[in-house]
Amino acid sequence: PHEGPERHPMTGPDRITNRTFDELAAGQSAELVRPIGTQDRELLAALTGSLPTTVAGNGGATAGDSAFVGALVASALDTVLPGPGTRVVSLAVEMAAPLPQDGPVTVRLTVRGKHPGGRVVLDATCHDSNGASLASAEADVVAPAARIEVPRAAVPGVHLHSVGASFKAMTD
């Protein structure tokens with residue numbers, strides 16, 4: 001078993017390199033840290049047509065929170081473990097608490113086991129900057145059989161605006 005999260009030695013600031021099925025072992029883990037804020041919540045609401053993830057009638061996690069965690073786990077599967085070339089078969093998310101309004105969320109992936117056909121089951125945990133548990137997930141993936149190395153792409157900027165906001169600003 002591997003101790004603590006790690007990064008693939010050939011993954012650097014400019015490149016992302018996967019781990020092949022043969023390189024993966026039970027207990028191996030890696031982390032992705034992603035800051036989240038108001039614009040991220042608004043973008044998710046715009047993409048899905050749902051309420052912003054800040055609207056929770058019962059004080060718990062919203063459907064938007066769950067979708068956001070699913071996207072973060074999928075991103076971690078695609079970029080850190082196993083990495084590029086990973087095909088997600090299924091992803092199940094269980095929320096423990098609402099996502100923080102602002103601040104980083106850490107996704108930790110841990111290989112639970114390997115199965116025939118290149119299948120790998122990974123456990124994911126998500127926690128806030130204080131270490132409080134936010135969610136857990138289980139991912140069933142097909143890990144790449146061959147080495148894939150890709151350039152790390154710049155994340156595009158997004159500008160959101162509310163419909164009618166410009167008109168409202170002119171009339172206020």
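This structure is a prediction, so every number in the text was calculated from the model and none was measured.

Undergrad: Could you give an account of the nonpolar core, naming the residues involved and the relevant values?
TA: In this structure, Val73, Leu81, Leu109, Val120, Leu122 and Cys126 are the most contacted members of the largest nonpolar core, which totals 29 residues. Mapped by element, the contributors of at least two residues to this core are strand 2 (29-36), helix 2 (63-79), strand 4 (103-115), strand 5 (119-127) and strand 6 (133-142). If one sorts the elements of this core by residue count, helix 2 sits on top with 6 residues. Among residues more than four places away in sequence, those in contact with Val73 are Leu91, Val107, Leu109, Ala124, Cys126 and Ala137.

Undergrad: Could you give an account of the side chain of Asp140, with specific residues and numbers?
TA: Topologically, Asp140 is positioned in strand 6. For Asp140, a relative accessible area of 15% puts it in the buried group. Those residues in contact with Asp140 that sit more than four places away from it in its chain are Arg87, Val88, Val89, Ser90, Arg119, Val120 and Val121.

Undergrad: Give a detailed account of the pairing of strand 6, specifying residues and quantitative values.
TA: Of all 10 residues in strand 6, 7 are buried; the element is thus mostly enclosed. Pairing analysis gives 8 bridges linking strand 3 (residues 87-95) to strand 6, with the strands arranged antiparallel. In the strand pairing of strand 6, Arg87 is matched with Val142. Summarising the sheet, strand 5 and strand 6 pair through 9 bridges and their orientation is antiparallel. Bridging from a neighbouring strand, Asp123 pairs with Glu138 of strand 6. Count of turn residues in the strand 5/strand 6 antiparallel hairpin: 5 residues, of which Gly131 carries a positive phi of about 85 degrees.

Undergrad: Can you break down the environment of Leu77 residue by residue, with the values?
TA: Along the chain, Leu77 turns up in helix 2. Owing to a relative accessible area of 1%, Leu77 belongs among the buried residues under this scheme. Separated by 32 residues in the primary sequence, Leu77 and Leu109 have C-alpha atoms spaced 7.8 Å apart. Beyond its immediate sequence surroundings of up to four residues, Leu77 is in contact with Pro82, Gly83, Thr86, Val88, Leu109, Leu122, Ala139 and Val141.

Undergrad: Summarise the environment of Gly113; cite the residues concerned and give the values.
TA: Along the chain, Gly113 turns up in strand 4. Gly113 sits in the buried class, given a relative accessible area of 13%. Each C-alpha atom of the pair Gly113 and Ala26 lies 5.2 Å from the other, and the pair is 87 residues apart in sequence. In contact with Gly113, not counting residues within four places along its chain, are Arg119, Val120 and Val121.

Undergrad: Requested: an account of the pairing of strand 5, with residues and values cited.
TA: Remember that side chains alternate between the two faces of the sheet whenever the strand is regular. Two strands pair when backbone bridges link them, and strand 4 and strand 5 are joined in this way by 9 bridges, in the antiparallel orientation. Across the sheet, the residue bridging to Val107 is Cys126, located in strand 5. In sequence, strand 4 turns back onto strand 5 through a hairpin of 3 residues, with Gly117 there showing a positive phi of about 80 degrees.

Scoring rules and cut-offs
Residues numbered from 1 in each chain as written. Predicted model: local features only at pLDDT ≥ 70, side-chain atom pairs only at ≥ 80, totals over all residues. Heavy atoms only, no water. Core = buried A, V, L, I, M, F, W, Y, C linked by side-chain atoms within 4.5 Å. Buried < 20%, exposed > 50% of the residue type's maximum accessible area, 1.4 Å probe, protein only. Helix = DSSP H or I, 4+ residues; strand = E, 2+ residues; numbered from the N terminus. Contact = heavy atoms within 4.5 Å. Pairing = 2+ DSSP bridges.

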